[in-house]
Amino acid sequence: TASDFIVDCGGAKPTIFRPPYGALLKSQAEYIVRDLRYIIGLWNLDSNDWRAPNDFTKISANINLSLYNGDSINILMHDRNVYDIIDNVINAFNNGYQFITQSECYRRCDTIDSDGVCMDMHGNNLYILNEWR
């Protein structure tokens, strides 16, 4: 498996599974969580970076359209498409937002409600863990 390959190369065993296109059947999600012991990583904002790789203007416009004051946002970006501009993206939206990795988001999770929403100790939604399709 890809997980075994990563470990064989000296890396840590992955703990987060991001389904292609964010699409999963409930039975698939249950298997991934229960049997494989992965956290399912989803997003609530797609930057559409694949449409204009490394184009700061287009990618930041896609992100800006969906930012709402005070909301926690998990932005889907692909390494190969934002590699050259990620610092610009972070700087552009740094006012009022804190950027953290998905792993850090899970470390901050204090409770998970029945819908799989991870909340921090202040009651802020950090991330939807299990969104079945």
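In this text the structure is predicted, and so the values were computed from the model without any measurement. (Residues numbered from 1 in each chain as written. Predicted model: local features only at pLDDT ≥ 70, side-chain atom pairs only at ≥ 80, totals over all residues. Heavy atoms only, no water.)

(A) Representation of the overall build of the protein in the model. The number of helices and strands found in the protein is six helices and seven strands. Put simply, the protein runs from its N terminus to its C terminus through helices and strands in the order α-β-α-β-β-α-β-α-α-α-β-β-β. A burial count over the protein gives 28% of its 133 residues as buried. For the protein, restricting intrachain contacts to residue pairs at least 6 apart in sequence, the fraction spanning at least 24 positions comes to 51%. Carbon together with sulfur atoms contributes 51% to the accessible area of the protein, which is approximately 9,100 Å² in total. (Helix = DSSP H or I, 4+ residues; strand = E, 2+ residues; numbered from the N terminus. Buried < 20%, exposed > 50% of the residue type's maximum accessible area, 1.4 Å probe, protein only. Contact = heavy atoms within 4.5 Å. Areas by Shrake-Rupley, 256 points an atom, 1.4 Å probe, with all protein chains shown as cover.)

(B) Geometry of the nonpolar core. Formed by Leu45, Ile59, Ile63, Met77, Val82, Ile85, Val89 and Phe93, the largest nonpolar core amounts to eight residues. Beyond its immediate stretch of four places on either side in the chain, Ile63 contacts Leu45, Ser47, Ile75, Met77, Val89 and Phe93. Membership of the second largest hydrophobic core comes to six residues, among which are Ile32, Tyr38, Ile40 and Leu42. (Core = buried A, V, L, I, M, F, W, Y, C linked by side-chain atoms within 4.5 Å.)

(C) View of the packing of aromatic side chains. According to the stated counting rule, one finds zero aromatic pairs in the structure shown. Over the face of the ring belonging to Tyr38 we find Lys13, whose NZ or CZ atom lies 4.4 Å from the ring centre. (Phe/Tyr/Trp six-rings, centres within 6.5 Å; stacked < 30°, edge-to-face > 60°. Lys NZ or Arg CZ within 6 Å of the ring centre and 35° of its normal.)

(D) Quick peek at the side chain of Asp49. Along the chain, the position of Asp49 falls in the loop between β3 (45–46) and α3 (56–64). Of the side chains with opposite charge, Arg80 comes closest to the buried, unpaired Asp49, at an N-O distance of 7.2 Å. At 2.5 Å, the side chain of Asp49 forms a polar contact with the backbone nitrogen of His78. In this structure Asp49 touches Ile59, Met77, His78, Asn81 and Val82, once residues within four positions along its chain are discounted. (Lys, Arg positive; Asp, Glu negative; His and termini not counted. Salt bridge = Lys/Arg side-chain N within 4 Å of Asp/Glu carboxyl O. Polar contact = N/O pair within 3.5 Å; in protein donor to acceptor, adjacent residues only side chain to side chain.)

(E) Quick peek at the pattern of salt bridges. Scanning the entire structure with this criterion turns up two salt bridges. A salt bridge links Asp35 to Arg34; the shortest N-O distance between them is 3.2 Å.

(F) Up close: unusual backbone geometry. We note that Tyr21 has phi near 65 degrees; this positive angle belongs to a residue other than glycine. Structurally, the position occupied by Tyr21 is in the loop between β1 (16–17) and α2 (26–34). Residue classification places Tyr21 among the exposed residues on the basis of a relative accessible area of 75%. A positive phi angle is found at Asn54, which is not glycine, with a value near 55 degrees. Considering the arrangement of structural elements, one finds Asn54 in the loop between β3 and α3.

(G) The environment of Pro14, seen in detail. Among the structural elements, Pro14 can be located in the loop between α1 (2–8) and β1. Under the relative-accessibility criterion, Pro14 is labelled partly exposed at 23%. Between the C-alpha atoms of Pro14 and Ala2, which are twelve residues apart in sequence, the distance is 9.2 Å. Not counting residues within four places of it along the chain, the set of residues in contact with Pro14 comprises Ser3, Ile6 and Tyr38.

(H) Just the confidence of the model for the protein, in detail. In the predicted model, the protein carries a mean pLDDT of 76, and the fraction of residues at 70 or more is 74%. Mean pLDDT values for the elements of the protein range from 48 in strand β7 (residues 125–128) up to 89 in α1. Across residues 127–133 the pLDDT falls below 50, and counting only partners more than four positions away or on other chains, this stretch makes 37 contacts in the model. (pLDDT = per-residue confidence, 0-100.)

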